[in-house]
Amino acid sequence: MKNKANILVIEDDHTFRSLIVTILEDEGYNVVEEQDGKKALETLRKRSFDLVISDLRLPSLDGLAIYRQAKSEGIVPPFILITAFGTVEEAVSAIKDGVTDFLTKPLKDPDTLRAI
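How each quantity is defined
- Residues numbered from 1 in each chain as written.
- Predicted model: local features only at pLDDT ≥ 70, side-chain atom pairs only at ≥ 80, totals over all residues.
- Heavy atoms only, no water.
- Helix = DSSP H or I, 4+ residues; strand = E, 2+ residues; numbered from the N terminus.
- Rg over C-alpha atoms; globule rule 2.2 N^0.38 Å.
- Buried < 20%, exposed > 50% of the residue type's maximum accessible area, 1.4 Å probe, protein only.
- Contact = heavy atoms within 4.5 Å.
- Areas by Shrake-Rupley, 256 points an atom, 1.4 Å probe, with all protein chains shown as cover.
- Lys, Arg positive; Asp, Glu negative; His and termini not counted.
- Charge placed at Lys NZ, Arg CZ, Asp CG, Glu CD.
- Arc of directions from axis to C-beta.
- Core = buried A, V, L, I, M, F, W, Y, C linked by side-chain atoms within 4.5 Å.

(A) Layout of the overall build of the chain. Along its length, the chain carries 5 helices and 5 strands. Ordered by position from the N terminus, the helices and strands of the chain form the series β-α-β-α-β-α-β-α-β-α. For the chain, whose C-alpha radius of gyration is 13 Å, the value lies close to the compact-globule estimate of 13 Å for 116 residues. On the principal axes, the C-alpha backbone points of the chain span a range of 35 × 30 × 25 Å. Looking at the 116 residues of the chain, the share that counts as buried comes to 41%. Partitioning the contacts of the chain with sequence separation of at least 6, the portion at a separation of at least 24 is 60%. Total accessible area computed for the chain in this model is approximately 6300 Å², and 51% of it derives from carbon and sulfur atoms. Computing the positive centroid from 15 side-chain charges and the negative centroid from 20, the chain places the two 4 Å apart.

Right under this line is the structure:
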């Protein structure tokens with residue numbers, strides 16, 4: 001059965017982005033990929049998504065800034081941030097701002113992503 005949800009994956013590391021995309025596509029989701037923060041925000045402005053999965057640290061605009069800008073424009077779907085460098089303070093701040101979840105890289109198990 002095909003999941004019809006549209007998911008935007010924003011990740012500048014090609015290998016990790018490919019892993020996330022493969023996991024999601026194998027589950028039947030429609031996935032759009034971006035590797036740059038500003039381009040990702042433009043994509044969010046042009047298309048509707050059911051979920052955004054974004055790296056925290058990105059070229060040109062970080063994941064939390066993308067979330068905050070999209071939220072201020074009223075176009076933010078559920079949003080998951082992933083990072084290898086995040087702190088507890090960043091995670092708490094993001095969750096308080098309304099981010100759905102905050103995961104760390106590398107993912108210990110692909111089922112973590114599937115469960116969310």
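(B) Quick look at helix H2 (residues 37–46). Looking at H2, one finds that the buried residues are Gly 37, Ala 40, Leu 41, Thr 43 and Leu 44. The buried side chains of H2 occupy one side of the element, clustering within an arc of 160° when seen end-on. Facing away from the buried side of H2 by more than 90 degrees, the exposed set consists of Lys 38, Lys 39 and Lys 46. Contacts made by the buried residues of H2 are with strand S1 (6–10), strand S2 (30–34), strand S3 (51–55) and helix H3 (63–72).

(C) Just the environment of Lys 4, in detail. Along the chain, the position of Lys 4 falls in the segment before S1. Put simply, Lys 4 and Asp 101 are 97 residues apart on the chain and 21 Å apart in space, counted from C-alpha to C-alpha.

(D) The arrangement of the nonpolar core in detail. The biggest cluster of nonpolar side chains holds 20 residues, and the ones touching the most others in it are Leu 8, Ile 10, Leu 44, Leu 64, Ile 66 and Leu 81. Secondary structure elements with two or more residues in this core: S1, H2, H3, strand S4 (79–83) and helix H4 (88–97). At 4 residues, the largest contribution of residues to this core is made by H3. If near-sequence neighbours (up to four positions away) are discounted, Leu 64 is found in contact with Leu 56, Leu 81, Ala 94, Asp 97 and Val 99. Core analysis: the second largest hydrophobic core is formed by 13 residues, Ile 7, Val 21, Ile 80 and Leu 107 among them.

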